[in-house]
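Observations on chain architecture
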Amino acid sequence: MSCPPARGTRPPGADDEQEAARWVRGMFSRVAGRYDFLNHLLSFNIDRYWRARTARRLRPILRRPGSRVLDICCGTGDLLLALESERLGGAVIGCDFSHPMLVSAQRKIVRRRAQSPLVEADALALPFPDGSLDLVTAAFGFRNLANYEKGLAEIRRVLKPSGAAAILEFSRPENPIVAPLYGFYSSKVLPFIGGVISGDRNAYRYLPESVRRFPNAEELAASMRAAGFSRVEYERMTGGIVALHIAYAS
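So, a few notes on the structure that sits alongside this text. Since this is a predicted model, take the numbers as computed values, not measurements.

What follows deals with the overall build of the protein chain. Within the protein chain, the regular secondary structure consists of 9 helices and 7 strands. Its C-alpha radius of gyration of 17 Å places the protein chain within 12% of the 18 Å reference for a compact globule of 250 residues. With respect to the principal axes defined by its C-alpha atoms, the protein chain has extents near 45 × 45 × 35 Å. Going through the 250 residues of the protein chain one by one, you find that 55% of them count as buried. Taking the intrachain contacts of the protein chain between residues at least 6 apart in sequence as the baseline, contacts between residues at least 24 apart amount to 72%. For the protein chain, the exposed area adds up to about 11,200 Å²; of that, 55% sits on carbon and sulfur atoms. With 35 positive and 25 negative side-chain charges, the protein chain shows a separation of 5 Å between the mean positions of the two kinds.

Structure representation (C-alpha cells):
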C-alpha cells in the first residue's frame, strides 16, 4: 500500500503549519472549560470505553518494571489517568501545548490523587531525549497536529528500540449503515450542540471537518510504517467511528 502524502490539519484561514498550530492552540484553550462535558455528552459516554480499552491493550507495556510513558496531546488528562490506573507503580507524563487544557488536567490529577507530571510542550518538538521512552500515546489529538509526518517522526525519535506508539483517533466508518448515520450526526448535530454549549461554533465546525480530512485507518497504518515503525496493527471500535493503532519502534 502506498503511503499518503505528508499532511496536517488545516483550520479555516490557516495557510501554513505555524498558523494551523496557533489556531488549534487557541481553539482548545477557549473550549477547555467545557471540553470534558461535551466529550462525554456528544459521544454518549462511549469515549470512556475507548480510553479504557486502549489502556487495557497497552497493559503489558504499562506494567514493565521502570517503564517511562508519555501521553502527548493529553488535553484534560482522561487517557493519561486511564493509563496510570493500569500501572503497578510509576506515573504517566502528560504533554500538551494548551495551557488551559493542562490546568484542567492538573485539577483532575489532584482530585484523583494521581501522580502524573505535566509538561507544556508541542508534540512536534518534544522535550525528551532520543530513545528515552517505552510508550507514547495520543488520544483524539494526533489529527490536530500541523504535520502528521513530523509528529510520527518525533514519536519515533523519543521511543526506545523496544518502545511502542499508540494512537487512538476518530476514523471514517465503512459500515454502510453506520457511515451515513455518523456522517449526519458529525456534520449536523455535533457542530450545533457543541457550538451552543461551548459558545464556540467555529471549534465544533472544525472538529468534525478535521476527522473528515484525517487519513483513514489503512492510510495511517501506512504512514506509521513509512515513519519506521514495525508491527503496525489497528482495531476499529464502535462500527469504525474510532481506530486504535499500535506500532513498535523496531
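As a further point, take the pairing of strand E4 (residues 133-139). Successive side chains on a regular strand alternate, one facing one side of the sheet and the next facing the other. In terms of burial, E4 is largely enclosed, as 7 of its 7 residues are buried. Relative to E4, strand E1 (residues 69-72) runs parallel, the two being bridged by 4 bridges. Within the sheet, the bridge partner assigned to Asp 71 lies in E4 and is Thr 137. Where the polypeptide runs from E4 across helix H6 (residues 148-158) and back to strand E5 (residues 159-170), its parallel neighbour, the crossover connection is right-handed.

Here the structure, examined in full by the defined rule, presents 9 aromatic pairs. Measuring from ring centre to ring centre gives 5.8 Å for Trp 50 and Phe 140, while their planes differ by 55°; the resulting arrangement is tilted. Here Phe 140 lies in the loop between E4 and H6 and Trp 50 lies in helix H2 (residues 46-57), a separation of 90 residues in the sequence. A residue is classified by how much of its surface remains accessible, and Trp 50, at 3% relative accessible area, is buried. Note on Phe 140: relative accessible area 7%, which makes it buried. Each residue in the set Trp 50, Phe 140 and Phe 170 is aromatic and connected to the rest through ring pairs, giving one cluster. Taking the ring centre of Tyr 248 as reference, the NZ or CZ of Arg 231 above it sits at 4.1 Å.

Reading the values: rules and limits
Residues numbered from 1 in each chain as written. Predicted model: local features only at pLDDT ≥ 70, side-chain atom pairs only at ≥ 80, totals over all residues. Heavy atoms only, no water. Helix = DSSP H or I, 4+ residues; strand = E, 2+ residues; numbered from the N terminus. Rg over C-alpha atoms; globule rule 2.2 N^0.38 Å. Buried < 20%, exposed > 50% of the residue type's maximum accessible area, 1.4 Å probe, protein only. Contact = heavy atoms within 4.5 Å. Areas by Shrake-Rupley, 256 points an atom, 1.4 Å probe, with all protein chains shown as cover. Lys, Arg positive; Asp, Glu negative; His and termini not counted. Charge placed at Lys NZ, Arg CZ, Asp CG, Glu CD. Pairing = 2+ DSSP bridges. Right-handed = clockwise from strand over helix to strand, strands pointing away. Phe/Tyr/Trp six-rings, centres within 6.5 Å; stacked < 30°, edge-to-face > 60°. Lys NZ or Arg CZ within 6 Å of the ring centre and 35° of its normal.

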